[in-house]
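# Overview (structure and organization)
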Amino acid sequence: MMSVRLARGIFKKIPIRNYSRAPCEIIEILESGFETLAQSKSQSLLKKHLTQEIFDKIKTRVTPSYCSTLLDCIQSGLCNHDSGVGIYAPDPEAYSTFAELFDPIIDDYHMGFKGADKHPATCFGYGSDFPNLDPEQRFIVSTRIRCARSIKDFPFNPCLTKKDYRHLECMINKVLKTLCNEHSGKFMALSCMEKEEQQQLIDDHLLFKEGDRFLQDANASRFWPTGRGIFINQNRTFIVWVNEEDHIRVISMEKGGDLGRAYERMIIGVESLAHSLKFSHDKRLGYLTFCPSNLGTTIRASVHIKLPNLGADKAKLEEVAKKHNLQVRGTSGEHSEAKDGVYDISNKRRLGLTEYQVVMEMHKGITALIDAECQAGSQK
Ligand code: ARG
């Protein structure tokens with residue numbers, strides 16, 4: 001540990017992680033990584049927005065409390081040219097220290113959120129505002145909705161010590177134990193889980209996968225599996241991930257298309273946690289997360305959906321999805337392929353609109369997609 005001066009007379013103990021590499025070595029790695037990325041065919045938002053001018057301006061900066069460098073933010077994108085985004089915030093201050101780079105990426109990903117824009121106040125609305133998307137159960141296999149929370153006064157993955165991971169796990173687990181009724185369940189630490197049990201939960205789409213190279217290269221998997229775990233209720237409809245990409249992911253699932261029911265359960269879950277835990281929140285960016293794609297509401301509402309006709313023409317599917325601000329992923333989520341014509345489709349933006357508006361955007365989009373599927377079917 002070393003002490004850093006935060007302001008006159010105020011010192012804070014921080015881990016010396018960023019001093020394991022000399023500043024000149026960091027700049028050298030950055031320079032060569034930047035050059036390789038610039039010459040690559042990468043489609044990432046990092047490549048698009050990291051201009052020479054911005055790079056030169058911010059390459060020597062560090063965040064005030066944790067001394068996180070630009071390399072800590074972008075090494076995942078430098079190592080993985082197939083990234084969609086390519087940047088993470090190692091600690092909450094990175095969003096302001098490296099604002100010249102984060103801001104345009106945030107604006108681009110969330111489809112219009114300028115440096116002067118402010119995320120609106122939380123407004124969930126009610127689950128009952130959202131009718132079942134597929135009452136006849138013809139298309140939607142399952143519906144899932146999640147949000148993320150970070151615990152106030154803790155940095156994100158790359159800056160957490162082994163002790164921090166244990167501390168966070170303990171704090172979160174204590175609160176999870178107080179959940180009642182439908183939300184009550186049990187916590188399983190990853191370190192105590194049998195491999196087969198872990199794989200079964202992954203196959204059932206309940207648990208996160210291990211060894212995500214994007215997270216690993218962002219230094220987000222250190223001390224794995226320490227502090228990582230999953231909380232599951234009896235019906236396996238309410239799940240909380242602890243210390244995966246974010247400190248907390250609150251997940252609610254339903255078979256079929258009852259988005260409203262899943263949403264209501266998620267709201268009650270996250271609001272119950274908020275009674276006892278303080279979350280990292282920013283006036284401008286809303287709830288803070290490790291990845292800029294999750295800022296704001298942090299909500300991702302998705303369906304596993306069969307689109308045999310529309311899916312036969314991937315370009316057409318992408319076109320309809322894009323029109324409604326939806327994102328198309330493969331069956332096992334991010335960076336995966338669709339199996340048996342089942343797609344994972346969700347809202348794309350999460351920042352700059354309320355929770356209610358995010359879920360409404362997804363509801364309208366999925367409804368339009370089902371209409372397009374029916375139309376494509378009737379034209380055959
Ligand atoms: N860093 C990865 C990429 O750029 C993931 C980005 C969004 N997904 C996420 N799980 N944060 O492709």
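These numbers come from a predicted model, not from an experiment.

This part takes up the overall build of the protein chain. In terms of regular secondary structure, the protein chain is built from 12 helices and 12 strands. The C-alpha extent of the protein chain, read off along each of the three principal axes, is 65 × 50 × 40 Å. Put simply, the protein chain has 380 residues, and 55% of those count as buried. Considering only contacts within the protein chain whose residues lie at least 6 apart along the sequence, 72% involve residues at least 24 apart. For the protein chain, the computed accessible surface area is about 17600 Å², with 51% contributed by carbon and sulfur atoms. Once the 51 positive and 49 negative side-chain charges of the protein chain are each reduced to a mean point, those two points are 4 Å apart.

Of the consecutive residues Trp224 and Pro225, the connecting peptide bond is found in the cis state with omega at 5°. Within the chain, Met111 stands out as a residue other than glycine whose phi angle is a positive 55°. Secondary-structure assignment places Met111 in the loop between helix 6 (99-109) and strand 3 (140-149). Despite not being glycine, Asn219 shows a phi value in the positive range, around 70°. Here Asn219 is to be found in the loop between helix 9 (213-217) and strand 5 (229-233). By relative accessible area, which is 30% here, Asn219 ends up partly exposed.

A separate point is the UniProt feature "domain: Phosphagen kinase N-terminal" (unreviewed entry) in the protein chain. On the UniProt side, "domain: Phosphagen kinase N-terminal" (unreviewed entry) is annotated at positions that read residues 26-111 here. Secondary structure over residues 26-111 splits into 59% helix and 0% strand, and the C-alpha atoms at its two ends are 32 Å apart.

Looking now at the environment of His167. You can see His167 is positioned in helix 7 (residues 162-176). Along the sequence, His167 and Gly227 sit 60 residues apart, while their C-alpha atoms lie 8.0 Å from each other.

On to the site of the ligand. Close to the ligand lie Ser83, Gly84, Val85, Gly86, Tyr88, Phe214, Glu245, Cys291, Ser293, Asn294, Glu334 and His335, which account for all nearby residues. Between the ligand and Gly84, the relevant distance is 2.8 Å, taken from an oxygen atom to a main-chain nitrogen or oxygen of the residue. Within the shell around the ligand, the residues separate by chemical class into 4 nonpolar, 6 polar and 2 charged.

Turning next to the nonpolar core. In terms of nonpolar packing, the biggest core is built from 56 residues, with Ile305, Ile345 and Ile366 touching the most fellow members. Broken down by element, the residue count for this core peaks at 8 residues, all from helix 12 (residues 355-378). The contact partners of Ile305, leaving out residues within four places of it in the chain, are Phe139, Ile140, Gly341, Val342, Tyr343, Ile345, Ile366 and Ile370. Formed by 39 residues, the second largest nonpolar core is a distinct cluster that contains Leu45, Leu78, Phe98 and Ile106.

As used here, a disulfide is simply a covalent bond connecting the sulfur atoms of two cysteines. What the rule picks out here adds up to 0 disulfides. Cys24 carries a free sulfur, and the closest cysteine sulfur to it, the one in Cys67, is 16 Å from it. Free cysteine: Cys291, not disulfide-bonded; nearest cysteine sulfur from Cys73 at 12 Å.

Those residues carrying the UniProt feature "domain: Phosphagen kinase C-terminal" (unreviewed entry) are residues 139-376 in this numbering. The distance separating the terminal C-alpha atoms of residues 139-376 is 14 Å; by composition the span is 33% helix and 23% strand.

Moving on to the pairing of strand 3. In terms of burial, strand 3 is largely enclosed, as 8 of its 10 residues are buried. As defined by bridge partners, strand 3 adjoins strand 10 (residues 300-306) across 6 bridges and the pair is classed as antiparallel. Within the sheet, the bridge partner assigned to Thr143 lies in strand 10 and is Val303. Here strand 3 pairs with strand 7 (residues 248-255) via 8 bridges, running antiparallel. The residue bridging Arg146 from the neighbouring strand is Ile251, located in strand 7.

What follows is about the sheet that holds strand 6 (residues 238-242). Judged by pairing direction, the sheet is antiparallel, and its 8 strands sit side by side in the order 4-5-6-7-3-10-12-11 without closing on themselves. In this open sheet, the two edge strands, each paired with only one partner strand, are strand 4 (185-189) and strand 11 (326-329). Going across the sheet, the axis of each strand differs from the next one's by a mean of 20°, ignoring polarity. Strand direction decides the pairing type here: strand 11 and strand 12 (residues 342-347), joined by 4 bridges, are antiparallel. Bridging across to strand 12, Val328 finds its partner in Ile345.

Criteria and cut-off values
- Residues numbered from 1 in each chain as written.
- Predicted model: local features only at pLDDT ≥ 70, side-chain atom pairs only at ≥ 80, totals over all residues.
- Heavy atoms only, no water.
- Helix = DSSP H or I, 4+ residues; strand = E, 2+ residues; numbered from the N terminus.
- Buried < 20%, exposed > 50% of the residue type's maximum accessible area, 1.4 Å probe, protein only.
- Contact = heavy atoms within 4.5 Å.
- Areas by Shrake-Rupley, 256 points an atom, 1.4 Å probe, with all protein chains shown as cover.
- Lys, Arg positive; Asp, Glu negative; His and termini not counted.
- Charge placed at Lys NZ, Arg CZ, Asp CG, Glu CD.
- UniProt positions renumbered as here; feature names shortened; annotations may be inferred.
- Near = heavy atom within 4 Å.
- Polar contact = N/O pair within 3.5 Å; in protein donor to acceptor, adjacent residues only side chain to side chain.
- Nonpolar A, V, L, I, M, F, W, Y, C, P; charged D, E, K, R; others polar.
- Core = buried A, V, L, I, M, F, W, Y, C linked by side-chain atoms within 4.5 Å.
- Disulfide = S-S within 2.5 Å.
- Pairing = 2+ DSSP bridges.
- Axes fitted to C-alpha atoms, helices over the stretch in contact; angles between N-to-C directions.

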